[in-house]
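Spelled out, the chains give:
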Amino acid sequence: MATMYQDQERILDRYVVEEFVGSGGLGEVYRCREGADRFAVKVLISRVVPGYVTDEKIRESVVVNRPPAEALVAVRDVLEGGGRRVIVSDFVDGLDLRRVMKARTAAGKRFAAREIFLLVDALLEELALLPPFAAHGALKPENILLPGVTGDEWPEHPSVRITDYGLHSIISFSKYASLQLAARQPYAYLAPEFVSLGGRVDRRADLYSVGVLAYELATGDVPKKFAAPLSESGWDGPLSLDPVIARALAATPEARYANASDFRAAIRAAFPELERAAGARPIEIGSIDLFSGQTTQSVSVAVEDLNEVDVFGEAPAPSAPTPVAEAAPATSDRDLVDLDRAFDAALSGEPEVAEPQAASTAAPAADAATGDETPDRVKPQPNVRMKKLAEKKESNGFVWLLVVAAAIAVCVVGYRYVKGAKMQPIAPPPTPIATPAPAPTTSTSSTTTTTTSTTSTTVAPTPSNAPAIISGEKNPKPPAATP
């Protein structure tokens, strides 16, 4: 098979190819080395992922939108150079499930019921740990890695890792579905709503893929449109698994299990004897970095129930019989008084006054003999704590009283000020003073006649050199006669 790169070649002049791992619809995967680190480098096929699919879109799909979960293989970066675009991920030392299934088929072996139960149970356990909004959308055996598996042998307690999370969303759903259809078996793992809803799926689509996986592991073939029940397809395991797988393969998401936890509980109910026979299985407990999604510190523990794990990640030792504690000596009233006095002295900062030794030794004997309080007993001093609290309360109350009084005074002064401003009479506008009208004057001039009355004044045309008559003058001078 011709590949893009051969062994010992460099990808982007950075990653040295050690081995060709496999190819899929979107690209080829190589095991590469950079220094002492190993990575899985997926080289995208340019005709499948064209240039208009930007690096930002790819990075958002496979890096930004990836939830921080240990089961999901972390993507380190999306790089481009030399006409190639690559996705760099952590390398998992093991085989993917499809290669193991092919090795089993070539050897003429089938998966036992116990092996199917352990694998499906481990896969559902990891899916249950993902956030509710997280969905792979295109889960298939090629995306399921089995760490530590190198052939067709099956580990006692398999662990799973999931790759290519969100990778299908970098191209159109129709194009991705066409690529899976060309490969035949991967197309059967796509939920019906992947095509009908344009690739917009939720976590119930992953449960459909797990149902297809369980069916193929049990029968050797993927279910068709009208798949026969397991009992009619050569399945020799518990028949109670039939309704469980049938519900997972429902055509509508609403008819399937709501989440991976419900699906896992149904699988365990169908394999009660296998669940008990599985015994303790190793689990990894550690802290995860929320930004990189990597485990910073982990420990592997073999337990049968998560409730048996303590906060340090270790299985608790068998509980020893609890020893019966001896009865503590009774504390006398006098000891309590001494403790209270010492506590009060510590709070007040005053030195503690020691009680006379004679009184302290004689008092118990006298009490035991007569049952009465001896006069030598030192009376407890007033409680300093309560006294200080009372003083503090009193001072706080006085301060609040002053604040309330000041607020009331401000309100009263403001009210009076506003009220006085509203009730102040507004002075009327000044009344204009009437000017007495002059007596009417009649001129004998043939050219000018001036008549003044109380109601109106008529000014006859005058020569341009005649002085103007100013209104309001008491004795206006008549204009000089023109010779």
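Treat the numbers as computed from the prediction; the structure is a model and nothing was measured.

Participant: Whenever I open this one, the overall build of the protein confuses me. Can you help?
Facilitator: The number of helices and strands found in the protein is 13 helices and 13 strands. For the protein, the share of sequence-separated contacts (at least 6 apart) that also reach a separation of at least 24 residues comes to 56%. Total accessible area on the protein stands at roughly 30,400 Å², and carbon and sulfur atoms take up 58% of it.

Participant: Even after reading the chapter, I still don't get unusual backbone geometry, so can you show me in this structure?
Facilitator: Backbone phi values are negative for most residues with the exception of glycine, while trans is the configuration of most peptide bonds. Residues other than glycine seldom take positive phi values, yet Leu 12 does so here, at roughly 60°. Residue position: Leu 12 is located in the loop between strand 1 (10–11) and strand 2 (15–23). A positive phi angle is found at Asp 164, which is not glycine, with a value near 60°.

Participant: Help me out: how do you make sense of the pairing of strand 6 (residues 84–90) in this one?
Facilitator: As a general feature of sheets, a regular strand has side chains that alternate between the two faces. The buried count for strand 6 comes to six of seven residues, which makes it a mostly enclosed element. When strand 4 (residues 37–44) meets strand 6, the two strands line up antiparallel, connected through five bridges. Opposite Ala 40, over in strand 6, you have Ser 89 as the bridge partner. Direction of pairing for strand 5 (residues 75–81) relative to strand 6: antiparallel, over a ladder of six bridges. Bridge pairing in strand 6 links Val 75 to Ser 89.

Participant: Sorry, what's going on with the environment of Ala 227 here?
Facilitator: Tracing the chain through its elements places Ala 227 in the loop between helix 7 (203–219) and helix 8 (241–248). It is 9.3 Å that separates the C-alpha atoms of Ala 227 and Ala 246, two residues lying 19 residues apart in sequence.

Participant: Sorry if this is basic, but what is going on with the sheet that holds strand 4 here?
Facilitator: Pairing in this open sheet of six strands is antiparallel, and the strands run 1-2-3-4-6-5 from one edge to the other. What marks the edges here is a single partner per strand, and that holds for strand 1 and strand 5. Pairing geometry for strand 1 and strand 2, over two bridges, is antiparallel. Within strand 2, the residue paired with Arg 10 across the bridge is Val 16. Helix 1 (residues 55–64) rests against strand 4, strand 5 and strand 6 of the sheet, and its axis sits at about 165° to strand 5.

Participant: Honestly, helix 4 (residues 173–182) in this entry has me stumped. Any pointers?
Facilitator: Taken together, the buried positions of helix 4 are occupied by Tyr 176, Ala 177 and Gln 180. The buried residues of helix 4 occupy one face: seen down the axis, they fall within an arc of 100°. Where helix 4 is buried, its residues touch helix 5 (185–188) and helix 6 (192–196).

Participant: Before we go on, may I ask you to explain the packing of helix 8 against helix 9 (residues 260–270) in this structure?
Facilitator: The relative placement of two packed helices is expressed as an angle between their axes plus a distance between the axes. Close contact between helix 8 and helix 9 brings their axes to 9 Å; oriented N to C, the two are set at 160°. The angle between the axes of helix 8 and helix 9 places the two elements in the roughly antiparallel class. Between helix 8 and helix 9 the crossing geometry is left-handed. Taken together, the residues of helix 9 that come into contact with helix 8 (itself represented by Leu 241, Val 244 and Ala 248) are Phe 263, Ala 266, Ile 267 and Ala 270. Classifying every residue of the contact of helix 8 with helix 9 gives seven nonpolar, no polar and no charged.

Participant: How should the environment of Gly 25 be read in this particular structure?
Facilitator: With respect to the helices, strands and loops of the structure, Gly 25 is situated in the loop between strand 2 and strand 3 (27–34). With a relative accessible area of 29%, Gly 25 lands in the partly exposed category. Taking the C-alpha atoms as reference points, Gly 25 and Ala 177, separated by 152 residues in sequence, lie 9.9 Å from one another. The contacts of Gly 25, once residues within four sequence positions are left out, are Ile 45, Val 48 and Leu 179.

Participant: Explanation requested: the nonpolar core in the structure shown.
Facilitator: Buried together is how nonpolar side chains tend to be arranged in soluble globular proteins. In terms of nonpolar packing, the biggest core is built from 52 residues, with Leu 123, Leu 124, Leu 127, Leu 241, Phe 263 and Ile 267 touching the most fellow members. Put simply, the parts of the chain that give this core at least two residues each are helix 2 (97–106), helix 3 (113–128), strand 8 (144–147), helix 7, helix 8 and helix 9. Sorting elements by how many residues they give to this core places helix 7 first, with 10 residues. Ignoring any residue separated from it by four or fewer positions in sequence, one finds Leu 127 in contact with Leu 139, Ile 162, Asp 206, Val 210 and Ala 260. The next biggest cluster of nonpolar side chains, apart from the first, holds 19 residues, and it includes Ile 45, Val 49, Val 53 and Val 62.

Participant: I'm lost on the pattern of salt bridges in this one. Help?
Facilitator: Charged atoms that come close allow side chains of opposite charge to pair. Applying the stated criterion to the full structure yields 18 salt bridges. The salt bridge partner of Asp 77 is Arg 59, with a shortest N-O separation of 3.6 Å. Remark: Arg 59 occurs in helix 1 and Asp 77 occurs in strand 5; sequence separation between them is 18 residues. Overall, Arg 59 belongs to the partly exposed group, its relative accessible area being 27%. The closest approach of N and O atoms between Glu 216 and Arg 98, which form a salt bridge, is 2.9 Å. Residue Glu 216 is located in helix 7, and its partner Arg 98 is located in helix 2; the two are separated by 118 residues in the primary sequence.

Participant: Would you mind going over helix 7 with me for this structure?
Facilitator: Residues three or four positions apart in an α-helix share a direction because the helix packs 3.6 residues into each turn. In this model, helix 7 (17 residues) spans 25 Å end to end at C-alpha, consistent with the 24 Å of a helix rising 1.5 Å per residue. Within helix 7, 15 of the 17 residues are buried, which leaves it mostly tucked inside the rest of the structure. After helix 7 finishes, the residue Gly 220 shows a positive phi value of roughly 90°.

Participant: In this structure, what is going on with the packing of aromatic side chains? I would like to understand it.
Facilitator: The description of an aromatic ring pair rests on the distance of the ring centres and on the angle between the ring planes. Scanning the entire structure with this criterion turns up six aromatic pairs. Taken together, a centroid distance of 6.0 Å and an interplanar angle of 55° make the contact between Tyr 176 and Phe 194 tilted. Of this pair, Tyr 176 sits in helix 4 while Phe 194 sits in helix 6, placing them 18 residues apart in sequence. Each of the two residues, Tyr 176 as well as Phe 194, counts as buried. The positively charged end of Arg 104 is found above the aromatic ring belonging to Phe 111, 4.6 Å away from the centroid.

Participant: What's the story with the sheet that holds strand 7 (residues 94–96) in this structure? I'm lost.
Facilitator: Sheets are built from strands that pair by backbone hydrogen bonding, the pairs being arranged parallel or antiparallel. Strands sit in the order 7-8-9 across an open sheet of three strands; the sheet is antiparallel. Taken across any chain shown, the strands that pair with only one partner, and hence form the sheet edges, are strand 7 and strand 9 (161–162). Sheet analysis places strand 7 next to strand 8, joined by three bridges and oriented antiparallel. Within strand 8, the residue paired with Asp 96 across the bridge is Leu 145.

What counts, and at which threshold
Within every chain, residues take consecutive numbers counted from 1 along the sequence as written. Two thresholds apply to this predicted model, a pLDDT of at least 70 for residue-level local features and 80 or more for giving and counting side-chain atom pairs, whereas whole-chain, interface and lining totals are computed over all residues. The side-chain numbers reported here are obtained from all heavy atoms of the structure, hydrogens and water having been left aside. In this description a helix means any DSSP run of H or I spanning at least four residues, a strand means any run of E spanning at least two, and both kinds are numbered starting from the N terminus. Here, residues are in contact when the closest pair of their heavy atoms is within 4.5 Å. Method for areas: the Shrake-Rupley scheme with a 1.4 Å probe, in which residue coverage is limited to the protein chains shown. Relative accessibility under 20% of the residue-type maximum defines a buried residue, over 50% an exposed one, and the middle range a partly exposed one, all with a 1.4 Å probe and only protein chains included. Two strands pair under a simple rule: DSSP has to find at least two bridges between them. Under this scheme, a helix contributes an axis fitted over its contacting stretch, all axes are lines through C-alpha atoms, and angles between N-to-C directions fall in the 0 to 180 degree range. The arc in question is the one spanned by the directions pointing from the helix axis to the C-beta atoms. Oblique is the label for any angle not covered by the other classes, which are roughly parallel (under 35 degrees), roughly antiparallel (over 145) and roughly perpendicular (65 to 115). Each crossing gets its handedness from the near helix: less than a right angle anticlockwise from the far helix is left-handed, clockwise is right-handed. Residues are grouped as follows: Ala, Val, Leu, Ile, Met, Phe, Trp, Tyr, Cys and Pro are nonpolar; Asp, Glu, Lys and Arg are charged; every other residue, Gly included, is polar. For this analysis, a nonpolar core means a set of buried residues of the types Ala, Val, Leu, Ile, Met, Phe, Trp, Tyr and Cys, connected via side-chain atoms within 4.5 Å. Within this document, salt bridges are pairs made up of a side-chain nitrogen of Lys or Arg and a carboxyl oxygen of Asp or Glu, the two lying within 4 Å of each other. Expected span, for any helix, means 1.5 Å times one less than how many residues it has. Stacked, edge-to-face and tilted labels apply to pairs of Phe, Tyr and Trp rings (six-membered ring for Trp) whose centres lie within 6.5 Å, assigned for plane angles under 30 degrees, over 60, and everything in between, in that order. Whether a charge sits over a ring comes down to the Lys NZ or Arg CZ being within 6 Å of the ring centre and within 35 degrees of the ring normal.

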